[in-house]
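Residues per chain, in single letters:
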Amino acid sequence: MPPVKAKKKTARRPAAAKDAVKAPSARMIAKQVRDLCAKAEAARADSDEKASRVFLEQVLKLDPKCAEAIWWMGDYWHTVGKRETAIKFYRRYLREHPGDAEALHMIASLGGRTPPKRASDDYLRLHFDSYAEDFDKSLVGDLQYQAPKVLRKLIDRARSTKAPKADVCDIGCGTGLVGLELKSLARTLTGVDLSRKMVTLSRKRGIYDRLSVGEVTKFLRANKGRFDLVVAADVLIYFGDITVLFNAASEALRPGGMFAFTVEARRGGTYHLTVSGRYNHNPVWLRKVGAAAGLAEKRVQKARLRYELGKAVMGHYAVLEKKA
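Residues numbered from 1 in each chain as written. Predicted model: local features only at pLDDT ≥ 70, side-chain atom pairs only at ≥ 80, totals over all residues. Heavy atoms only, no water.

Engineer: Explain the environment of proline 115 residue by residue, including any values.
Structural biologist: If you trace the backbone, proline 115 turns up in the loop between helix H6 (101-109) and helix H7 (121-131). On the basis of relative accessibility, which here comes to 46%, the residue proline 115 falls in the partly exposed class. Taking C-alpha positions, proline 115 is 9.7 Å from threonine 274, a pair spaced 159 residues apart along the chain. Apart from the residues within four sequence positions on either side, proline 115 is in contact with Ala108 and Leu273. (Helix = DSSP H or I, 4+ residues; strand = E, 2+ residues; numbered from the N terminus. Buried < 20%, exposed > 50% of the residue type's maximum accessible area, 1.4 Å probe, protein only. Contact = heavy atoms within 4.5 Å.)

Here it is as structure tokens:
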């Protein structure tokens, strides 16, 4: 058979080129990534974590360096209890954002690095600045957070019925949920928080006489003997070793003043950084630390703090009194 002769070139493309799919542009890929990230966020909002993961996996096929998708993949595997996989994604996120305080903290909570004695200031700022707008809805609505109300009742039981109004300091004041409960017993109400966005939301409530952005132990030390009551609701969960905080609270109190707080409870030992990224504490150890700081236990109660993943998170509510 004679060889097949090549056809003359025409204006038409060769068949292979004709059938090729045009590669998407960078702009098209970026739009797809944005759309998929939005779908993943909507799925998370509907508590459909698996659907969110599927969208995120699609994102990472298009853009393996998408930091948002990497972070939320870490969060997904963390939520379903796959620690090693979660750590891999948090470390991957660190490669895109070296030194990121939130990623470092979560890796430590999952056992991937040595736990710090307390959550870093950078972690707390980042975490609560990003959480501020949804804080009340999430904590009160979704998690049925009841610490402010329970703690106020315990404080009332600890104070004399004839006690005058107090100068109160609400440390880690957040959006002012605790302040709302304390306002009626306060002569003056002071709030302090590391998160500027949280303080901005607190200010909108119009209940504080003074609000500051800053680290709470430094603030307490700068206000020695100024308060009759220092309140720390869901603050100790970001401190492992609470010795410094207890000493600072004692210094800020007048003789006979009270330090009221909540902790997530643990049995034995001293404290532990849990997989949630929060610390829990042994109440027996807390009592010893309080005594060393000149704070004697006056009232204590075990009760639910909130719900998490459908389960009650139990804690200890306590009021300590500074020796007169």
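Moving on from the model shown.
Engineer: Any chance you could break down the pattern of salt bridges for me, citing the residues and the numbers?
Structural biologist: Under the defined criterion, the tally for this structure stands at 21 salt bridges. The residue arginine 118 makes a salt bridge to aspartate 121 at a minimum N-O spacing of 2.9 Å. Residue classification places arginine 118 among the partly exposed positions, given a relative accessible area of 24%. In this structure, aspartate 156 engages arginine 152 in a salt bridge whose closest nitrogen and oxygen atoms are separated by 2.9 Å. (Salt bridge = Lys/Arg side-chain N within 4 Å of Asp/Glu carboxyl O.)

Engineer: So what's going on with the side chain of arginine 152? Residues and values would help.
Structural biologist: Here arginine 152 is to be found in helix H9 (residues 147-158). Given a relative accessible area of 15%, arginine 152 falls into the buried group. One polar contact links arginine 152 to serine 184, side chain to side chain, over a distance of 2.8 Å. Arginine 152 has contacts with Glu181, Leu182, Ser184 and Leu185, leaving out every residue within four places of it along the chain. (Polar contact = N/O pair within 3.5 Å; in protein donor to acceptor, adjacent residues only side chain to side chain.)

Engineer: Break down the pairing of strand S8 (residues 295-308) for me, citing the residues and quoting the values.
Structural biologist: Sheet faces and side chains relate simply in a regular strand, where the side chains alternate between the two faces. Relative to strand S9 (residues 311-322), S8 runs antiparallel, the two being bridged by 12 bridges. Bridging across to S9, arginine 306 finds its partner in valine 313. Between S8 and the antiparallel strand that follows it, S9, lie two residues; leucine 309 among them carries a positive phi value of about 55°. (Pairing = 2+ DSSP bridges.)

Engineer: Can you break down the nonpolar core residue by residue, with the values?
Structural biologist: In this structure, Ile155, Val168, Leu229, Val231 and Tyr317 are the most contacted members of the largest nonpolar core, which totals 68 residues. Top contributing element to this core by residue count: helix H4 (residues 67-79), with seven residues. In this structure valine 168 touches Leu182, Leu185, Ala186, Thr188, Leu189, Thr190, Phe227, Leu229 and Val231, once residues within four positions along its chain are discounted. Within the second largest apolar cluster, 29 residues are counted, among which are Val192, Leu220, Phe227 and Ala249. (Core = buried A, V, L, I, M, F, W, Y, C linked by side-chain atoms within 4.5 Å.)

Engineer: Could you give me a rundown of the confidence of the model for the protein, with the residues and numbers involved?
Structural biologist: With 93% of its residues at a pLDDT of 70 or more, the protein has an overall mean of 90. Note that residues 1-21 has pLDDT below 50 and, in this model, one contact with residues that lie over four places away or in other chains. (pLDDT = per-residue confidence, 0-100.)

Engineer: Could you give an account of helix H14 (residues 283-292), naming the residues involved and the relevant values?
Structural biologist: Here H14 has its buried residues at Pro283, Trp285, Leu286, Val289 and Gly290. End-on view of H14: buried residues confined to an arc of 150°, all on one side of the axis. What points out from H14, more than 90 degrees from its buried face, is the exposed set Lys288 and Ala292. Contacts made by the buried residues of H14 are with helix H13 (243-252), strand S5 (253-265), strand S6 (271-273), strand S7 (279-281), S8 and S9. For H14, the capping residue at the N-terminal end is asparagine 282, with a side-chain oxygen 3.0 Å from the backbone nitrogen of valine 284. At the C-terminal side of H14, glycine 294 shows a positive phi close to 80°. (Arc of directions from axis to C-beta.)

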